[in-house]
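An overview of the molecular structure
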Amino acid sequence: GRGESVEDRNTSQDGAGLGGWFRELVETLPLVTYVDSEGDERRTLYVSPQIEEMLGYPVEAWLGDPDLFLRVLHPDDRERMHGEREHQRGRDTSRIFRVVARDGRVFTVQSERVVVRDAAGRPLYTQGFWVDVSDRVRIENELRDAQKREAIGQLAGGVAHDFNNILTTIAGYV
């Protein structure tokens, strides 16, 4: 309440402290959070447990295998993502790509990543999250397809109307 110091507020809830609250928040959000090292030897330093729920690979696999991301990346997105990763090294990024779960399901994820820097501006590590946008992308694609079909229908209707006018004109001369 009022009069409590920040330290009191951060530790008053069952002694968990802000760190406990933060961990609970990060590990219950409907997205995957991660921290990666920055530099030539990129590796995952932390990944939230939601990664296993989404892709079927345990946290330990992500922490122990620096190439796991490249293996779960959808084959059709690998070349583009490899080029973007190299080009955007040391930069904050926002990307959409597909990943393949251990059971073969394909997810489209939006990845937001920020580079954390030291006082001199040198990159220390990256923090980011993945959110499953598969349903949104599917709905956008369905809407785009419906709009295309509607446009084709209008075009066909216009052509049929024009053709009918031509036939009527010709029939008037016969």
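Before going into details, it helps to say that this report is about the structure given with it. Here the structure is a predicted model, which is why all the values come from computation and not from measurement.

1. Some thoughts on the pattern of salt bridges
Any two side chains of opposite charge can pair, on the condition that their charged atoms come close. According to the stated counting rule, one finds seven salt bridges in the structure shown. Among the ionic pairs, Glu38 bridges to Arg113, the shortest N-O distance being 3.8 Å. A residue pair is termed long-range when its members are at least 10 positions apart, and Glu38 in the loop between strand 1 (32-37) and strand 2 (44-47) and Arg113 in strand 4 (residues 106-117) qualify at 75 residues. Residues Glu38 and Arg113 agree in their burial class; the two are buried. Two residues, Arg80 and Asp77, come together in a salt bridge whose shortest N-O distance is 3.8 Å. Among the ionic contacts, a cluster of salt bridges with common partners joins Asp77, Arg80 and Arg98.

2. Details of the environment of Val115
Tracing the sequence through the fold places Val115 in strand 4. Val115 sits in the buried class, given a relative accessible area of 10%. In this structure, the C-alpha to C-alpha distance between Val115 and Arg89, residues 26 residues apart in sequence, is 9.3 Å. Beyond its immediate chain neighbours, meaning those up to four positions away, Val115 contacts Gly90, Arg91, Asp92, Pro123, Tyr125 and Thr126.

3. Some points on the sheet that holds strand 3 (residues 93-100)
With antiparallel pairing, five strands are arranged side by side in an open sheet as 2-1-5-4-3. In the strand order of this sheet, the two ends are held by strand 2 and strand 3, each with one partner. With direction set aside, neighbouring strand axes in the sheet form an average angle of 25 degrees. Two elements, strand 4 and strand 5 (residues 123-132), share nine bridges in a ladder whose sense is antiparallel. Bridge pairing in strand 5 links Gln110 to Val131. Here helix 7 (residues 134-173) sits on the sheet in contact with strand 3, strand 4 and strand 5, set at roughly 120 degrees to strand 4.

4. Observations concerning the side chain of Thr44
By the element assignment, Thr44 lies in strand 2. One polar contact links Thr44 to Asp36, side chain to side chain, over a distance of 3.2 Å. If we skip the residues at most four places from it in the chain, Thr44 touches Val35, Asp36, Trp62 and Leu63.

5. Examining the nonpolar core
Formed by 20 residues in total, the largest nonpolar core has its most connected members in Ile51, Leu55, Trp62, Phe97, Val99 and Trp130. Taken together, the elements giving at least two residues each to this core come down to strand 1, helix 3 (50-55), helix 4 (59-64), helix 5 (68-72), strand 3 and strand 4. Those residues within four positions of Leu55 in sequence are excluded, and the remaining contacts are Trp62, Val72, Val99, Val100, Ala101, Arg102, Phe107 and Trp130.

Reading the values: the criteria
- Residues numbered from 1 in each chain as written.
- Predicted model: local features only at pLDDT ≥ 70, side-chain atom pairs only at ≥ 80, totals over all residues.
- Heavy atoms only, no water.
- Salt bridge = Lys/Arg side-chain N within 4 Å of Asp/Glu carboxyl O.
- Helix = DSSP H or I, 4+ residues; strand = E, 2+ residues; numbered from the N terminus.
- Buried < 20%, exposed > 50% of the residue type's maximum accessible area, 1.4 Å probe, protein only.
- Contact = heavy atoms within 4.5 Å.
- Pairing = 2+ DSSP bridges.
- Axes fitted to C-alpha atoms, helices over the stretch in contact; angles between N-to-C directions.
- Polar contact = N/O pair within 3.5 Å; in protein donor to acceptor, adjacent residues only side chain to side chain.
- Core = buried A, V, L, I, M, F, W, Y, C linked by side-chain atoms within 4.5 Å.

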